Amino acid sequence: MKTRVSGGFTLVELLVAMAILSIIVVICGRLFQQASAAWETGVRRAERNIIGRNLADFIAGDLSRTVARTDDELQIGATSLRFPIVDEASVREGLSPRAYQWVTYDLSPNNLRRNGQKLAPAGVVDRIRITAGPATPGRPPIYVDVEVRVKDPDSSYVEAFTSRAWIRNRDRYRYDD
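**Observations concerning unusual backbone geometry**
Now for step 1: Positive phi outside glycine occurs at Asn115, with the angle close to 50 degrees.
Now for step 2: Along the chain, Asn115 falls in the loop between strand E4 (113-114) and strand E5 (117-118).
Now for step 3: We classify Asn115 as partly exposed; its relative accessible area is 39%.

Now the structure itself:
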């Protein structure tokens with residue numbers, strides 16, 4: 001009688017090993033997919049936060065350069081903002097140290113613009129609120145708070161950023177009216 005030498009795996013053992021391996025591959029694929037989705041969400045939130053913080057600081061920086069002498073020159077509306085600033089190009093070129101230009105903001109959330117130029121992509125800014133601080137009658141406020149709220153259109157994530165602009169008296173830059 002001849003004896004048989006077993007030198008390999010049976011068909012059943014191979015099928016069981018392949019089933020276990022395919023289950024492990026499916027689980028790893030799903031974990032990678034979930035990690036990738038979480039990474040993308042974090043990147044989107046970080047981008048929106050950068051936009052919100054930069055917008056609040058940019059608008060506050062513009063406001064802190066205002067040369068408004070009266071409260072009529074610093075016009076704060078629900079969806080608009082208008083004020084004069086020193087025209088730095090004229091000052092740099094030596095044309096006039098007292099030249100100024102008007103800055104106008106359209107504060108509509110889906111159409112945020114500064115002097116006609118778009119500042120943020122549509123759907124990012126949820127709300128912009130400009131709040132004037134205390135003021136003496138007939139004068140601009142001492143400070144203005146700028147709040148920019150950004151949102152993620154794919155989720156309910158909303159973040160608010162606030163920046164304060166101190167309004168200085170810069171009559172020395174203005175023409176005598």
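The discussion continues.
**A word on helix H1 (residues 11-64)**
Now for step 1: Taking 1.5 Å per residue as the helical rise, H1 with its 54 residues ought to reach 80 Å, and the 79 Å between its terminal C-alpha atoms agrees with that figure.
Now for step 2: The elements touched by buried residues of H1 are strand E2 (80-86), strand E3 (100-106), E4, strand E6 (125-132), strand E7 (143-151) and strand E8 (158-166).

**A short note on the nonpolar core**
Now for step 1: The biggest cluster of nonpolar side chains holds 26 residues, and the ones touching the most others in it are Leu63, Leu81, Phe83, Ile130 and Val148.
Now for step 2: Contributions of two or more residues to this core are made by H1, E2, E3, E6, E7 and E8.
Now for step 3: Among the elements that make up this core, the one with the highest residue count is H1 (five residues).
Now for step 4: Sequence-distant contacts of Phe83, that is, excluding residues within four places in its chain, are made with Asp62, Leu63, Thr66, Glu73, Leu74, Gln101, Trp102, Val103 and Tyr105.

Cut-offs and rules
- Residues numbered from 1 in each chain as written.
- Predicted model: local features only at pLDDT ≥ 70, side-chain atom pairs only at ≥ 80, totals over all residues.
- Heavy atoms only, no water.
- Helix = DSSP H or I, 4+ residues; strand = E, 2+ residues; numbered from the N terminus.
- Buried < 20%, exposed > 50% of the residue type's maximum accessible area, 1.4 Å probe, protein only.
- Expected span 1.5 Å × (residues − 1).
- Contact = heavy atoms within 4.5 Å.
- Core = buried A, V, L, I, M, F, W, Y, C linked by side-chain atoms within 4.5 Å.

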